[in-house]
Amino acid sequence: MASSRIPNFYKKTVEERRELIKSRLDAFDELDKAFDEAPLPVETADKMVENAIGTYPLPLGVGLNFLINGKDYIIPMAIEEPSVIASASYIAKIVRNAGGFQTVSSGRTMIGQIQVVGCEDFDAAKAAVLKQKEVLIGAANAAYPSIVARGGGAEDLDVRVLNEDTSASKYSTMLIIHLYIDTRDAMGANMINTMVESIAPLVEEITKGKVYLRILSNFADRCLAKATCKIPPELLESEGFSGEEVRDGVIHAFEFADSDPYRAVTHNKGIMNGIDPVVIATGNDWRAVEAGAHAYAARSGSYRSMTGWSVDAKGNLVGELELPMSVGTVGGSIRVHPTSKMALRLLGVDSAEELAQIIVTVGLAQNLGALKALATDGIQKGHMALHSRSVAIAAGATGEMIDMVAQKLVEEKEIRIGKAKELVAMYTR
Ligand code: MEV
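Now for a look at the structure at hand.

**Section: the site of the ligand**
So, point 1. Taken together, Glu81, Arg263, Thr266, His267, Lys269, Gly270, Asn273, Ala370, Leu374 and Ile379 make up the full set of residues adjacent to the ligand.
So, point 2. Contacts to the ligand include Arg263, whose side-chain N or O atom sits 2.7 Å from an oxygen atom.
So, point 3. When the free accessible area of the ligand is taken as 300 Å², the share hidden by the protein chains comes to 85%.
So, point 4. Looking at the shell around the ligand, the elements with two or more residues in it are helix H10 (261-281) and helix H13 (352-375).
So, point 5. When residues in the shell around the ligand are grouped by element, the largest group, six residues, is from H10.

Structure representation (structure tokens):
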């Protein structure tokens, strides 16, 4: 992959942008095919969901400037909200100048849950399951041999008894088995559900109880990805604000979100502004990622900031974001959706672990973009600047006229299509 830094990309036409992206990738003739054919043929949509009557497209843009563990990434982002891609790319440029983002993962272990009720002696049932652990793991793997062939599969198992001491309801005491499964490059929902369903009869035999639920957990806390960055204050300086002021504003903003759920929800929504578009563009299940991320933000018992921002001994702004990231690069809708296949090629990722790390990186960049704006000019200034460009283009401005019209609209605080048309007519004369 060549550099993801492409100056003035936003000023180009859509066609020019595609050519620029293609020129940076080897043998990427599929890009045109993916863009020019219907992004998702209705015949394919009909195979994906029930009662299909069409498709629902979203804008697809690219996050630029991302340097992660020394590697450049052009990041596909599918999102309807303006400013998000611009903000992520802007922060990625700053962090790039500070050496880029660093990332790590905790592995690819997902969890399948089995609920057992009605055991006469729950402690004895728990002991019996633990005694038969290897048998259960073997049976789970026998139900999905292809993952074992790929070097993954069920690896371990845990048992808990919930509400053992409460006699409040006959429904509340239960044995919960966690089956830990390495899903390799798949998100693994089908694999996990197949495994837990297949061993349920054996679990009933061992526990002498009745199995009800058999399903994966989206609280994927053994499938974590973490991104960090360290930025010298001088790189944060912006019009009217010193780098130190911006740094301190970001840390104050983090402390606010970390202490107040009303703020944390909006702060974390801004992080998901970066995460969801990459999850969607790569054909992954964004509801699963959303649910896991918010649960992880509440793991201390209070709902808090997903990110952490602090200052180190040298005065640098230090940021981190760690989240469960149950995404895949194979299987599910990725296999059938032409745009997600193209998006993964564009990213050039080798594994689900790498994809997970890219996704949290975009979340971290997005959060810094929002906090930097909020702690300085406020977010409306940037939004209005971008909005004015769209209004100028809609009014017929082209080339250099776009910026001239957009600037005038902002100056005169009148970002209206009517006003833009007047300006276009005036400049064309
Ligand atoms: C808007 O989509 C996201 C923000 O509200 C995030 C934040 O407040 O941190 C700007």
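**Section: helix H15 (residues 400-411)**
Counting along an α-helix, one turn takes 3.6 residues, and residues three or four places apart therefore face a common direction.
So, point 1. With twelve residues, H15 should cover 16 Å at 1.5 Å per step; its first-to-last C-alpha distance of 17 Å lies within 8% of that length.
So, point 2. Within the span of H15, buried status applies to Met401, Ile402, Val405, Ala406 and Leu409. Angularly, the buried residues of H15 cover 130 degrees about the axis, an arc narrow enough to put them on a single face. With respect to the buried face of H15, the exposed residues turned more than 90 degrees away are Glu400, Gln407 and Glu411.
So, point 3. The inward-facing, buried residues of H15 contact helix H14 (379-394) and helix H16 (417-428).
So, point 4. Looking one or two residues past H15, Lys413 carries a phi angle of roughly 50 degrees, positive in sign.

Here is what the cut-offs are and how they apply
Residues numbered from 1 in each chain as written. Predicted model: local features only at pLDDT ≥ 70, side-chain atom pairs only at ≥ 80, totals over all residues. Heavy atoms only, no water. Near = heavy atom within 4 Å. Polar contact = N/O pair within 3.5 Å; in protein donor to acceptor, adjacent residues only side chain to side chain. Areas by Shrake-Rupley, 256 points an atom, 1.4 Å probe, with all protein chains shown as cover. Helix = DSSP H or I, 4+ residues; strand = E, 2+ residues; numbered from the N terminus. Expected span 1.5 Å × (residues − 1). Buried < 20%, exposed > 50% of the residue type's maximum accessible area, 1.4 Å probe, protein only. Arc of directions from axis to C-beta. Contact = heavy atoms within 4.5 Å.

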